[in-house]
Amino acid sequence: MSILINKNTSVLVQGITGKEGSFHALKCIEYGTNIIAGVTPFKGKTLFNESIPVYNTIEEAKKEGKKIDATMVFVPAGFAASSIIEAIEAEISLIVCITEGIPVMDMLNVKAALNCSKSIMIGPNCPGIITADECKIGIMPGFIHKKGKIGVLSRSGTLTYEAVNQITKAGFGETTCIGIGGDPIIGSSFTDFLRLFEKDPETEAVVMIGEIGGTAEEEASEFVKNNMKKPVVGFIAGKTAPAGRRMGHAGAIISGGKGTAPEKLKTMETNGVYIADNPSVIAETLKKALKLH
Amino acid sequence: MDIHEYQAKELLNNSGVKTLKSVLCRNPEEAYRAYQVLSSSLVAVKAQVHAGGRGKAGGVKIVKSADEAKSIAEKMIGMNLITKQTGKEGKIVRKVLIEEGAAIVKEYYLSVTIDRKISSVVFVVSADGGMEIEEVSKNTPEKILTVSINPMHGVKSFHILKMLLFLGIKKNLYNDFSNLINLLYNAFVKEDMSMLEINPLILTEANLFIPLDAKIILDDNASIRHPYFSDFEDEDEEEPLEIKAKSVGLNYIKLDGNVGCMVNGAGLAMATMDTIKEFGAMPANFLDVGGTADSKRVETAFNILLSDKNVKGIFINIFGGIVKCDMVAKGVITAAKNIGLKLPVVIRLEGTNAETAVKLINNSEMNFIVSRDLADGAKKISDIVNKTKTNL
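Everything numeric here is computed off the predicted structure, so don't read it as measured data.

(A) Molecular detail of the layout of surface pockets. In this structure, the second largest pocket encloses a volume near 410 Å³. Taken together, 28 residues make up the lining of the second largest pocket; nearest its centre are Lys111(A), Ile186(A), Arg116(B), Lys117(B) and Ser119(B). Elements that contribute at least two residues to the lining of the second largest pocket include exactly α4 (104–115), α6 (190–199) and α7 (216–227) of chain A. In terms of residue count, α4(A) provides more of the lining of the second largest pocket than any other element does, four residues in total. Taken together, the residues that form the lining of the second largest pocket break down as ten nonpolar, eleven polar and seven charged.

(B) Molecular detail of the nonpolar core. Ranked by internal contacts, the top residues of the largest apolar core, which has 91 residues, are Ile137(A), Leu153(A), Leu194(A) and Met247(A). Per-element accounting of this core gives the leading share, seven residues, to helix α8 (residues 266–278) of chain B. Sequence-distant contacts of Leu194(A), defined by excluding residues within four places in its chain, comprise Leu153(A), Val206(A), Met208(A), Ala220(A), Phe223(A), Val224(A), Met228(A) and Val232(A). Counting 71 residues, the second largest nonpolar core, distinct from the first, contains Ile102(A), Leu110(B), Ile149(B) and Phe209(B).

(C) Expanded view of empty space enclosed by the protein. Residue and element names in this part refer to chain A. By the definition in use, this model includes one cavity of 30 Å³ or more. Looking at the largest cavity, its volume works out to about 40 Å³. As for the largest cavity, its lining consists of Pro 127, Gly 128, Met 140, His 145, Thr 160, Tyr 161, Cys 177 and Gly 179. Elements represented by at least two residues in the lining of the largest cavity include exactly α5 (158–169) and β11 (174–179). In terms of residue class, the lining of the largest cavity is made up of four nonpolar, four polar and no charged.

Basis of the calculations
Residues numbered from 1 in each chain as written. Chains lettered and ligands numbered in written order. Predicted model: local features only at pLDDT ≥ 70, side-chain atom pairs only at ≥ 80, totals over all residues. Heavy atoms only, no water. 1 Å grid on protein atoms, 1.4 Å probe; cavity = no way out; pocket = protein on both sides within 12 Å on 5 of 7 lines; lining within 4 Å. Points joined across faces, edges and corners; volume = space filled by probe spheres on them. Helix = DSSP H or I, 4+ residues; strand = E, 2+ residues; numbered from the N terminus. Nonpolar A, V, L, I, M, F, W, Y, C, P; charged D, E, K, R; others polar. Core = buried A, V, L, I, M, F, W, Y, C linked by side-chain atoms within 4.5 Å. Buried < 20%, exposed > 50% of the residue type's maximum accessible area, 1.4 Å probe, protein only. Contact = heavy atoms within 4.5 Å.

Spelled out as structure tokens, the structure:
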């Protein structure tokens, strides 16, 4: 088992003919992802990689009988919200948006549309989701992942790879890893996925990698305290970040004195999250957590 | 993206919100003439910098004559204004806004922001206008009202009513107040603001609601649909190194420490800075070289790090994913040779092709210290810069 995706998941790629879209679609296919169709406006009736049909709209793909479980969105920032809403209206259960730089106002509309739908959205501005050795919908390097028992959640990209690499090398392996996105407004929160990991019989513990800005980690730790039996290991990046500056990610900003690392760590610790003081000790902390818990 | 008060007011005016008459001045003579044009006996001279807390720091003065406007402007332009929000280094004042006076009956606080937790636009209002809202929120949270607006429905009358009752505004002013709130909401959404703060919002003797001050932050991501955003940029307000970095697509933020950092990925860059601090040194910067760390980019990154004279050593931390470590290593070696790099460098490589990369570094003439672990690398560079410190 795993959460959200597995080897049977059929995947659509929105923006499949673009530079990023085509590069990563190929990498996903290499990993074993079942990509069944692509969408790019005005590129309908062509083939991607000589085998995958490209449509102008999702509706066209569905009319041809394509059964789509998930979509991976690489559409440029100015048009991404439209593509996400198109996917929501086409009732695709899982929407993974990699695109960085979507205006916040667009994401408020996307969130409102998601709230009235059954779709789950990951991202935007994220590396995506991967179920080790089965299915990769995203841009993470596949080879660092190995099937195992740890769920991984993160607001970051390369920092997630750092953690996954350690978890694999320590011999635990992963069930599913999700980059939830570095933007202030994202499709789903840490809490949404913690709920799924708690129910997944194969996941034995979760590693949650947060950063400064917002209060998502605090809310997640409340959920850990009240609803989780499995241990959760937490790390927060940005202890040395100055207030009022955006640290690369649009959502990584301490504003009005809120969203600092010490504040988050304190709440997380109080709520029973096992804290890794620096990224090098994530696997070590996980070992302790599994023993102590 | 931060903008100046005069730009914020221009945006508000274009959206139909009235503000007091004002003139932007770059020298004392302009301030003298502005006073004469404004035909108001009391006039405010306001320093234009990207920071709040100007009043308490001497950045806002009331004057009663053209001569006084001129002499105050003379003192203000060129001064280094240090407010609670500028940090200890302060900001040089280059422009002042000369604004007519108003007969104030009451001051309110009003801001519009985005609440990340509930994914909504929210209005925050208080009858304690002119105060610092962080202080009010800490000491007397009951004096603040937050009203969230569902983006699907927009502002409704009941939202206005809630705010009006909370602020104790009289019923006969409902229409004016409602009009203002709607204009502000529409401007906020249409112009893609991340924050709009009016402190204070004044009620005048003529029963008009007027934003006396206005602070706006625009959503950088929305510049794709608002070409005018770039006209609002003020390079004088930014760190020159940050402008240089931005022009080549690097994400750089200058800090106070002495370990120059070059990392791929924002989260890993922050975590790297934190780890350096854990080992007793301080990061000189945040620098995300991004996904394409080729020699040209690395060279620019090195040059930026070296322009900061505090930097005593460099820590490069690369986790190769799609980016291959050996490609980065080649880039680093070429760039370091090109610029004749002499500072100590610790380079940590992990992920795709890390082994090949380590060999490349070891076989190069560069005196780099190689590490395979983040904590180990951070410790090595911290020890090096701390040693340099004691030797001095």
